[in-house]
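Each chain, written out:
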Amino acid sequence: MSLAMFLSSRGSLGAGYKDLAESVEGYDGLSENDPSSKKLLSRDLKALEGLGIHARLSEADGDDTVRILLDQDRSYMQDVTLSAPEAIELGLASIFSLGDPSFPLADELRFAITKLDHLVGGLADIPLASTRVAGHLDDRERTTIKTIDAARKGCKTLVFTYTANTGLASRRTVDPYGLFSIGGDWYLIGFDRDREGIREFRADRMVDTTTANTSPSPDFEEPDLDMRSFIGFPFAYGDEPVFQVAFAIPADMRREPAHIWDKVTVCRLDGLPDHLIMIAEARSTQAAARWAAEHPGVVPVHPDRLRERYLEGLEEAGRCHGQETWS
């Protein structure tokens, strides 16, 4: 988004490698004569195309310097629609986030809203700066979030010290896959290289966060990971062959947003009037058992190994709290 906003501000002048190195975060040291720089820029321009933002390369008049120009005519997708409730929800979320002085991604959000308004209209009338709320993030956490976001965009590996909820601190090396906020807390989703699996980290428990190296080249390939689905059902990602899982869930359990729950099957059994059965695909027994434990009232019923791991986890938690048996 920083690249797109800068190219947009340059208009028909476009930007050269030197301009990007001096003005766009994450492009320090970018050079037209460096193969890794060309690879980095090519990857980012391809990523922008996936967002409907198209740029083209051109040689400036009178020299051989390559210029990158935003193609305004092609840089808007035409198939975006918002229902009235979605527009209201977006507006309210934007007012709150942009009114929070600690919100770390304000420029990106304003750019997204401007682009959506171009596509669907009506969003420009939302008073995005009319509400002010007290920011709850301190400077350290805000800096951490910006560091995570820059590393995620550049596919750069992060290193940081993380304090788990047990109080134990350890140095972690993580490929950042995604960043999201729930309930006012910010979370990093990434591949933990030491533990060889996808893990979730709370930003306020991360300290001394930095990239593993200063090379402009990406450290890992962008993963095929749907962040929205992961947040809802992280057990869909893992190293095991795909298998079906079934959970008994409370009938009144909140099932939003719809785009997550549309990917599972929910049915009712006559013998369980207060519960529904949810059937989904999984690739991690451990993650599926953890998901059930983290949602009160949810109980895994299939397969047997999932139910066994779930009960083992409850027993482990009970022993940690001085309870030898779990009823």
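The shown structure was predicted, so the numbers you read here are calculated from the model rather than taken from an experiment.

What follows concerns the nonpolar core. Core analysis: the largest hydrophobic core is formed by 23 residues, its most contacted members being Phe235, Phe247 and Met278. Residue assignment for this core shows that the elements contributing at least two residues are β8 (243-250), α8 (258-261), β10 (275-282), α9 (285-294) and α10 (304-320). Among the elements that line this core, the one with the most residues is α9, at five residues. Leu3, Ala21, Leu45 and Ile53 belong to the second largest nonpolar core, which has 19 residues in total.

What follows concerns helix α6 (residues 139-154). Compared with an ideal rise of 1.5 Å per residue, which puts 16 residues at 22 Å, α6 spans 23 Å between its outermost C-alpha atoms and is within 8% of the ideal. Every buried residue of α6 is accounted for by Glu141, Arg142, Thr144, Ile145, Ile148, Asp149, Ala151 and Gly154. Phi turns positive one or two residues past the end of α6, at Cys155, with a value near 55°.

Our next topic: the pattern of salt bridges. Pairing between side chains becomes possible if they bear opposite charge and their charged atoms approach one another. In total, this model carries twelve salt bridges according to the counting rule given. Here Lys156 ties to Asp219 by a salt bridge, and the two come within 3.2 Å at their closest N and O atoms. Here Asp219 lies in the loop between β7 (206-211) and α7 (227-232) and Lys156 lies in the loop between α6 and β3 (158-163), a separation of 63 residues in the sequence. The exposure class of Lys156 is buried, given its relative accessible area of 8%. Each of the salt bridges in this network shares a partner with another, and the network as a whole consists of Asp149, Arg152 and Lys153.

On to the confidence of the model for the protein chain, then. Looking at the protein chain, pLDDT values average 79 and 81% of them are 70 or higher. Contacts of residues 129-135 to residues separated by more than four positions or lying in other chains number twelve contacts, the stretch itself having pLDDT below 50.

Residue position: Arg307 is located in helix α10. Residue Arg307 is classed as partly exposed on the basis of its relative accessible area, which comes to 36%. The spatial distance from the C-alpha of Arg307 to the C-alpha of Phe247 is 9.5 Å, given a sequence separation of 60 residues. Sequence-distant contacts of Arg307, defined by excluding residues within four places in its chain, comprise Val299 and Pro300.

This part takes up the side chain of Thr209. Within the element layout of this structure, Thr209 appears in strand β7. A relative accessible area of 16% places Thr209 in the buried class. For Thr209, the contacting residues outside a window of four places in its chain are Thr144, Thr147, Leu158, Val159 and Phe160.

What follows deals with the environment of Lys156. Here the alpha-carbon distance between Lys156 and Thr214, two residues 58 residues apart in the chain, equals 9.1 Å. Beyond its immediate sequence surroundings of up to four residues, Lys156 is in contact with Ala151, Pro176, Thr211, Asn213, Ser215, Ser217, Pro218, Asp219 and Phe220. Within the structure, Lys156 has its side chain in polar contact with the backbone oxygen of Ser217 (distance 2.8 Å).

Let's shift gears to the packing of aromatic side chains. Scanning all chains against the criterion turns up ten aromatic pairs. Ring plane angle 75° and centroid distance 6.3 Å describe the contact between Phe160 and Tyr162, whose orientation is recorded as edge-to-face. Residue classification places Phe160 among the buried positions, given a relative accessible area of 0%. Taking 5.1 Å as the distance between ring centres and 85° as the angle between the ring planes, the aromatic pair formed by Tyr162 and Phe201 counts as edge-to-face. Separated by 39 residues along the polypeptide, Tyr162 in strand β3 and Phe201 in strand β6 (residues 197-202) bring together distant segments of the chain. Each member of the pair, Tyr162 as well as Phe201, is classed as buried. One aromatic cluster is present, formed by Phe233, Phe235, Phe247 and Trp291 through successive ring pairs. We note Arg305 situated over the ring of Phe243; from NZ or CZ to the ring centre the distance is 4.2 Å.

Cut-offs used in this document
- Residues numbered from 1 in each chain as written.
- Predicted model: local features only at pLDDT ≥ 70, side-chain atom pairs only at ≥ 80, totals over all residues.
- Heavy atoms only, no water.
- Core = buried A, V, L, I, M, F, W, Y, C linked by side-chain atoms within 4.5 Å.
- Buried < 20%, exposed > 50% of the residue type's maximum accessible area, 1.4 Å probe, protein only.
- Helix = DSSP H or I, 4+ residues; strand = E, 2+ residues; numbered from the N terminus.
- Expected span 1.5 Å × (residues − 1).
- Salt bridge = Lys/Arg side-chain N within 4 Å of Asp/Glu carboxyl O.
- pLDDT = per-residue confidence, 0-100.
- Contact = heavy atoms within 4.5 Å.
- Polar contact = N/O pair within 3.5 Å; in protein donor to acceptor, adjacent residues only side chain to side chain.
- Phe/Tyr/Trp six-rings, centres within 6.5 Å; stacked < 30°, edge-to-face > 60°.
- Lys NZ or Arg CZ within 6 Å of the ring centre and 35° of its normal.

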